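Letter by letter, the chains look like this.
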Amino acid sequence: MLVVVIVPLKHHRMQFPREVIVGNGSIDRIGEISRRLGFTESALIMAGRKTFDIAGRKVKELLEKKEGMTVDTLIVENATVKDVEVVEEKIGTLKPQVVFAVGGGTKIDVAKCSSANLGIPFISVPTTASHDGIASPLSSIKGSEKPYSVMAQAPWAIVADTRIIMRAPWRFAVSGCEDVIAKFTAVKDWKLAHEDKNEYYGGYAASLALMSAKHIMENVARMRSKSEEGLRVLLEALISCGVSMSIAGSSRPCSGSEHLFSHALDVIRPNHAMHGEKCGVGTIMMTYLHGGNWKRMRDALKKLGAPTNARELGVEREDVLKALKMATSMRPERYTILNKLNLRRQSYEHLARVTEVI
Ligand SMILES: [Zn+2]
């Protein structure tokens, strides 16, 4: 008797940006990029009020005057579920060929999510380099069921103009560095989930994220000098992190227990510190739990001028302990060192004390 066993093939879909332009004055090339990608008729620019002044108006002018495109503008101030709905409605009515997201993290998140839902391509034009969302296929929306990033779509192009990004407070760049340094523990957690739970582990994606983190560690001095060259290093690292998530098909290579801690702190004390800052402090503690060299992490953050404890984050000692306790519940399916160790309150207190976070 012949027995035919049909093994279902797993499909692994990866989406990448087609063009990435980093450099001083790269925004001037927006028309040419748009044309090359086949967007020659209509566009919608999504920006915040400030970011429209900083870069959005320039994008609009270049597309209208030089390319003869019809360009509409939509100003968005937040990144809530409601904002996404408003943007989706606008995209649905205007039906632009492409959406340009001009801004920091939140504006890009809204544009990424809403354009993905409507099947319209989007181009990322970051005005800050504060986290890896500027290049990743994931977006995080406040007030959604999930307090973390979910799959949306990768940007078709990324136009990161260092002249524009240099104008943002340096604290944003420091936060970006911390979001990259967080990959050390994110990758450790991913490997752990593979070993303990047989979760899919992509060695290439993990190596790419790790390489970005090492690159930032090697360039701490350059970052300290607040130079445009340092910003370029950071942008390349953030973009590589975004690509690593595209390869992995999830945020796994870039988000582990340190991000869960950050998400929990977001819930306990909303708007208290920047995303990268919370992840940075999380990385110090999670490195300790993984048995790694946490002092090396803390020293690097200190050199960058980043917060390394509760006080510098602007939160209370009790908030840190609560966040550590809450972290695993932020995302129950994401197995990390916190699940493995399943610590009690006393141990969390010990962890935060030993690493001098509290
Ligand atoms: Zn992050």
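Residues numbered from 1 in each chain as written. Predicted model: local features only at pLDDT ≥ 70, side-chain atom pairs only at ≥ 80, totals over all residues. Heavy atoms only, no water.

Colleague: Would you mind showing me how to read the pattern of salt bridges here?
Modeller: Close approach of charged atoms allows side chains with opposite charge to pair. The tally for this structure, following the rule as stated, stands at 24 salt bridges. The salt bridge partner of K340 is D196, with a shortest N-O separation of 3.0 Å. Of this pair, K340 sits in helix α16 (residues 337-341) while D196 sits in helix α7 (residues 183-197); the two residues are 144 residues apart in sequence, bridging distant segments of the chain. Judged by its relative accessible area of 43%, K340 falls in the partly exposed class. Note on D196: relative accessible area 32%, which makes it partly exposed. (Salt bridge = Lys/Arg side-chain N within 4 Å of Asp/Glu carboxyl O. Helix = DSSP H or I, 4+ residues; strand = E, 2+ residues; numbered from the N terminus. Buried < 20%, exposed > 50% of the residue type's maximum accessible area, 1.4 Å probe, protein only.)

Colleague: So what exactly am I meant to see when it comes to α7 here?
Modeller: Along an α-helix, residues three or four positions apart point the same way, because every turn accommodates 3.6 residues. The end-to-end C-alpha separation of α7 is 20 Å, in line with the 21 Å expected for 15 residues at 1.5 Å each. Of all the residues in α7, the buried ones are K183, F184, T185, A186, V187, D189, W190, L192 and A193. Looking one or two residues past α7, N198 carries a phi angle of roughly 60 degrees, positive in sign. (Expected span 1.5 Å × (residues − 1).)

Colleague: Could you clarify how one ought to interpret the coordination of the zinc ion in this entry?
Modeller: Reference geometry at the metal: tetrahedral coordination by four donors gives ideal angles of 109.5 degrees; octahedral coordination by six donors gives 90 or 180 degrees. Looking at the metal site, the zinc ion is ligated by D179 (OD), H259 (NE2) and H275 (NE2), spaced 2.1 to 2.2 Å from it. The buried category is assigned to H259, whose relative accessible area is 5%. In this structure H275 comes out as partly exposed when scored by relative accessible area, which is 24%. (Donors = N, O, S within 2.8 Å, 3.2 Å for Na, K, Ca; no water.)

Colleague: Help me out: how do you make sense of the packing of aromatic side chains in this one?
Modeller: The relation between two aromatic rings is expressed through the spacing of the ring centres and the mutual angle of the planes. Taken as a whole and assessed by the stated rule, the structure comprises four aromatic pairs. Considering the side-chain rings of F39 and W156, the 5.3 Å spacing of their centres and the 55 degrees angle between planes classify their relative orientation as tilted. Of the two residues, F39 sits in the loop between α1 (30-36) and β2 (42-47) while W156 sits in the loop between β7 (150-151) and β8 (157-161), which places them 117 residues apart along the sequence. The class for W156 is partly exposed, based on a relative accessible area of 33%. Each member of the aromatic cluster is reached from another via a ring pair, and the members are W190, Y200 and Y201. The residue whose ring lies beneath R296 is F184, and the NZ or CZ to ring-centre distance is 5.8 Å. (Phe/Tyr/Trp six-rings, centres within 6.5 Å; stacked < 30°, edge-to-face > 60°. Lys NZ or Arg CZ within 6 Å of the ring centre and 35° of its normal.)

Colleague: How should the pairing of strand β5 (residues 122-126) be read in this particular structure?
Modeller: Where a strand is regular, its side chains alternate between the two sheet faces. The buried fraction of β5 amounts to five of the five residues, a majority that puts the element mostly inside the structure. Burial of β5 is two-sided: the residues F122, S124 and P126 facing one way and the residues I123 and V125 facing the other way are all buried. Summarising the sheet, strand β4 (residues 98-103) and β5 pair through five bridges and their orientation is parallel. Paired with F100 across the bridge in β5 is I123. In this fold, the crossover linking β4 to β5 by way of helix α4 (residues 105-118) has right-handed handedness. The pairing of β5 with β8 spans two bridges and is parallel. (Pairing = 2+ DSSP bridges. Right-handed = clockwise from strand over helix to strand, strands pointing away.)

Colleague: Whenever I open this one, the environment of I33 confuses me. Can you help?
Modeller: By secondary structure assignment, the location of I33 is in helix α1. When its relative accessible area of 1% is taken as the criterion, I33 is described as buried. The spatial distance from the C-alpha of I33 to the C-alpha of V159 is 9.0 Å, given a sequence separation of 126 residues. Setting aside residues no more than four positions away along its own chain, I33 makes contact with E19, I21, A157 and V159. (Contact = heavy atoms within 4.5 Å.)

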